[in-house]
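# Close look at the chain arrangement
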Amino acid sequence: MEVLATAGGQDALVSEIRAIEEDIDIAYLDANVPGSFESCQDGISRITTIVRAMKEFAHPDQTEMAPADLNQALQTTLAVAKNEYKYVADVATEFGDLPPVLCHVGDLNQVFLNLIVNAAHAIGDVVGQGGERARFASPLAEKATWRVSTLLTLGQEFPEAIRSRIFDPFFTTKGMGKGSGQGLAIAALSS
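Cut-off values and rules
Residues numbered from 1 in each chain as written. Predicted model: local features only at pLDDT ≥ 70, side-chain atom pairs only at ≥ 80, totals over all residues. Heavy atoms only, no water. Helix = DSSP H or I, 4+ residues; strand = E, 2+ residues; numbered from the N terminus. Buried < 20%, exposed > 50% of the residue type's maximum accessible area, 1.4 Å probe, protein only. Contact = heavy atoms within 4.5 Å. Areas by Shrake-Rupley, 256 points an atom, 1.4 Å probe, with all protein chains shown as cover. Polar contact = N/O pair within 3.5 Å; in protein donor to acceptor, adjacent residues only side chain to side chain. pLDDT = per-residue confidence, 0-100. Axes fitted to C-alpha atoms, helices over the stretch in contact; angles between N-to-C directions. Parallel < 35°, antiparallel > 145°, perpendicular 65-115°, else oblique. Left-handed = near helix turned anticlockwise from the far one by under 90°. Nonpolar A, V, L, I, M, F, W, Y, C, P; charged D, E, K, R; others polar.

Within the protein chain, the regular secondary structure consists of six helices and six strands. Each helix (α) and strand (β) of the protein chain, taken in turn from the N terminus, gives the series α-α-α-β-α-β-β-α-β-β-β-α. Considering the protein chain as a whole, with its 191 residues, one finds that 26% of them fall into the buried category. Long-range contacts, defined here as pairs at least 24 residues apart, represent 66% of the contacts in the protein chain between residues at least 6 apart. Carbon and sulfur atoms make up 56% of the accessible area of the protein chain, which amounts to about 13,100 Å² in all.

By the element assignment, T77 lies in helix α4 (residues 70-85). Engagement of the side chain of T77 in a polar contact is seen with the backbone oxygen of A73, the distance being 2.8 Å.

A separate point is the environment of V3. Summarising the element assignment, V3 is placed in helix α1 (residues 2-7). V3 sits eleven residues away from V14 along the chain, and the two C-alpha atoms are 9.9 Å apart.

Turning our eyes to something else, we now look at the confidence of the model for the protein chain. Confidence in the prediction for the protein chain averages 76 pLDDT; 80% of positions are at 70 or higher. Predicted confidence in the protein chain is weakest over strand β6 (residues 146-149), with a mean pLDDT of 41, and strongest over strand β1 (residues 66-68), with 89. In the model, residues 143-155 has pLDDT below 50 throughout and makes 34 contacts with residues more than four positions away in sequence or in other chains.

One can describe the packing of helix α3 (residues 26-57) onto α4 by two numbers: an axis separation of 8 Å at closest approach and a directional angle of 125°. By the angle between their directions, the pair α3 and α4 is classed as oblique. Judged by the sense of rotation from one axis to the other, the crossing of α3 with α4 is left-handed. Between α3 and α4, the residues in contact are I50, A53, M54, E56 and F57 and Q72, T76, T77, A79 and V80, respectively. Taken together, the residues of the contact of α3 with α4 break down into six nonpolar, three polar and one charged.

And the structure:
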């Protein structure tokens, strides 16, 4: 454009180009477009993580048990369930060195998902819209011959009167239309 301006004879064209530059605000675009591309790349990376997690999570039904990496199963389920807990809780993963475990990993993923979603809902009920955040940990560690998976929440504890029923099919502590009562029942059947 400067070449046109110094060449002369193109004053009308140069004025028109400058007017268009002002209208589209080149300085704003120069300042903001690179950051927008970085945000797009970050979004694509997150989408890639979610899609990979969904592929791993959605194992076809297995008739035979097979060795599974519990750390990977839980990490995948956390990625799939992130939208359930991201506004109410931060998750800390403390994975230990576990050997492969013979199981139906699809069922195990469903158990993890049900526990995470229930924890997130319980935390959401406690913290509400106040902006508070809870932290729940998902350590996996080997203890002697038992593999232990725990999800610790800062949500509500079950009242003593209903503790014996929490794994019963169709039992829910959630309000009408918010829970099927199948999550923990499925978890009990799968474990």
